[in-house]
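One-letter residues, chain by chain:
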Amino acid sequence: MPTYIVLIGPPGVGKGTQAKIISEETGLPHISSGDLFRENIKNKTDLGLLAETYINKGELVPDNLTISMIRERLKATDCVNGALLDGFPRTPNQAEELEKLLVQFHGRVNHVPYISASSETLIERLGGRLTCRAQGHVYHSKYNPPKVEGKCNLDGSDLYIRDDDKVETIQRRIQVYFDQTSPLIEYYHKRGLLEEINGARSIEEVSTEILKLIGTRQA
Ligand code: AMP
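In what follows, the accompanying structure is described. None of the values given here were measured: they were computed from a predicted structure. (Residues numbered from 1 in each chain as written. Predicted model: local features only at pLDDT ≥ 70, side-chain atom pairs only at ≥ 80, totals over all residues. Heavy atoms only, no water.)

1. A look at the site of the ligand
Part 1 of the reasoning: Close contacts around the ligand come from 16 residues, with Ser-33, Glu-59, Gly-87, Arg-90 and Gln-94 the closest.
Part 2 of the reasoning: One nitrogen or oxygen atom from the side chain of Gln-94 is found 2.9 Å from a nitrogen atom belonging to the ligand.
Part 3 of the reasoning: Arg-162 places a polar side-chain atom, nitrogen or oxygen, 3.4 Å from an oxygen atom of the ligand.
Part 4 of the reasoning: Alone, the ligand offers 480 Å² of accessible surface; in the complex the protein occludes 95% of this.
Part 5 of the reasoning: A total of four residues in the shell around the ligand trace back to one element, the largest contributor, which is helix α2 (residues 33-42).
Part 6 of the reasoning: Class assignment of the residues belonging to the shell around the ligand gives a composition of five nonpolar, five polar and six charged. (Near = heavy atom within 4 Å. Polar contact = N/O pair within 3.5 Å; in protein donor to acceptor, adjacent residues only side chain to side chain. Areas by Shrake-Rupley, 256 points an atom, 1.4 Å probe, with all protein chains shown as cover. Helix = DSSP H or I, 4+ residues; strand = E, 2+ residues; numbered from the N terminus. Nonpolar A, V, L, I, M, F, W, Y, C, P; charged D, E, K, R; others polar.)

Printed below as a string of structure tokens:
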């Protein structure tokens, strides 16, 4: 049976960073809806051009576009043993669609680690976020600075501030999260799948706890 992990948390909580660690430890491919959209935008696909208009305002991309993009990604051969989903689902409707989709792959959502943090922590973290242009590796000017200023430690490419990490958009993204994504927490809580983790700690403390609860590391 494949294993599907849905990583939930507000923007800026360190979801992307944690997802990369968990993916390496478990061997499950890291599927980030945000990264998939950014790839489409970079390649100027029809989906990318459409999605960009929503993303740059901090709004959610409509469900039909998002769900079909994820469906295609989950069909890929590297997902035979499951996947680690980051940024999808973001609404209860997307979660219902995911349930239906996973039935087709003879699986279900097995774990939903929820990394939480206060809005103050989120604003501070997003404000300093730097992203690598080549592969989307993330840094923070204060909490996780690169070894060489402006360059990615892993591939040497330039670091930049994502358009949606600019101050005006950050506020909107956090608002959108509380309005539209918090119901997802309730959705998974009701199904007994939600496992809350305090995200206001070091990267390593958070990843150790997530790996413990998904059963990769012994307590
Ligand atoms: P992220 O990298 O996860 O912060 O996503 C960046 C942006 O992509 C979000 O602010 C949304 O505009 C869009 N996006 C990512 N995932 C989804 C999703 N599951 N549903 C709708 N929009 C999404």
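2. Examining the nonpolar core
Part 1 of the reasoning: Judged by nonpolar contacts, the single largest core of 34 residues is most densely connected at Ile-8, Leu-74, Leu-98 and Tyr-188.
Part 2 of the reasoning: Elements that contribute at least two residues to this core include exactly β1 (3-7), α2, α3 (46-55), α4 (63-74), β3 (82-86), α5 (92-104), β4 (109-116) and α7 (167-190).
Part 3 of the reasoning: Residues contacting Leu-98, with those up to four places away along its chain left out, are Val-6, Leu-74, Leu-85, Phe-88, Pro-89, Val-109 and Tyr-188. (Core = buried A, V, L, I, M, F, W, Y, C linked by side-chain atoms within 4.5 Å. Buried < 20%, exposed > 50% of the residue type's maximum accessible area, 1.4 Å probe, protein only. Contact = heavy atoms within 4.5 Å.)

3. A look at the pairing of β3
Part 1 of the reasoning: Most of β3 sits out of view: five of its five residues are buried.
Part 2 of the reasoning: Covered by surrounding structure in β3 are Gly-82, Leu-84 and Asp-86 together with Ala-83 and Leu-85, the residues of both alternating faces.
Part 3 of the reasoning: For β1 and β3, the ladder comprises five bridges, and the chain directions are parallel. Of the residues in β3, the one forming a bridge with Ile-5 is Leu-84.
Part 4 of the reasoning: Bridge count between strand β2 (residues 30-32) and β3: three bridges; the pairing is parallel. Among the inter-strand pairings, Ile-31 is bridged to a residue of β3, identified as Leu-85. (Pairing = 2+ DSSP bridges.)

4. Here we look at the sheet that holds strand β6 (residues 138-140)
Hydrogen bonds between backbone groups are what pair the strands of a sheet, and the pairing can be parallel or antiparallel.
Part 1 of the reasoning: The strand order across the open sheet built from three strands is β6-β5-β7, with neighbouring strands paired in antiparallel fashion. Of all strands in the sheet, those bounded by a partner on one side alone are β6 and β7 (159-160).
Part 2 of the reasoning: Relative to β7, strand β5 (residues 129-132) is paired through two bridges, and the arrangement is antiparallel. Of the residues in β7, the one forming a bridge with Cys-132 is Leu-159.

5. Observations regarding the environment of Leu-102
Part 1 of the reasoning: Note on placement: Leu-102 falls in helix α5.
Part 2 of the reasoning: Overall, the relative accessible area of 0% leaves Leu-102 in the buried class.
Part 3 of the reasoning: Residues Leu-102 and Gly-82, spaced 20 residues apart in sequence, show a C-alpha to C-alpha distance of 9.5 Å.
Part 4 of the reasoning: With sequence-adjacent residues up to four places away left out, Leu-102 is seen in contact with Tyr-4, Leu-74, Gly-107, Arg-108 and Val-109.

6. Observations regarding the pattern of salt bridges
Part 1 of the reasoning: For the coordinates displayed, the defined rule picks out 14 salt bridges.
Part 2 of the reasoning: For Glu-99, the salt bridge is made with Arg-191, and the minimal N-O distance between the two is 3.3 Å. Here Glu-99, found in helix α5, pairs with Arg-191, found in the loop between α7 and β8 (194-198); they are 92 residues apart in sequence, far enough to count as distant.
Part 3 of the reasoning: On the basis of relative accessible area, Glu-99 is assigned to the partly exposed category, the value being 37%.
Part 4 of the reasoning: Residues Lys-166 and Asp-163 are paired through a salt bridge, measuring 3.0 Å at the closest nitrogen-oxygen approach.
Part 5 of the reasoning: By relative accessible area, Lys-166 is classed as partly exposed at 36%.
Part 6 of the reasoning: The exposure class assigned to Asp-163 is partly exposed, which follows from its relative accessible area of 47%.
Part 7 of the reasoning: Three or more residues are tied together by salt bridges with common partners; here these are Arg-129, Arg-162, Asp-164, Asp-165 and Arg-173. (Salt bridge = Lys/Arg side-chain N within 4 Å of Asp/Glu carboxyl O.)

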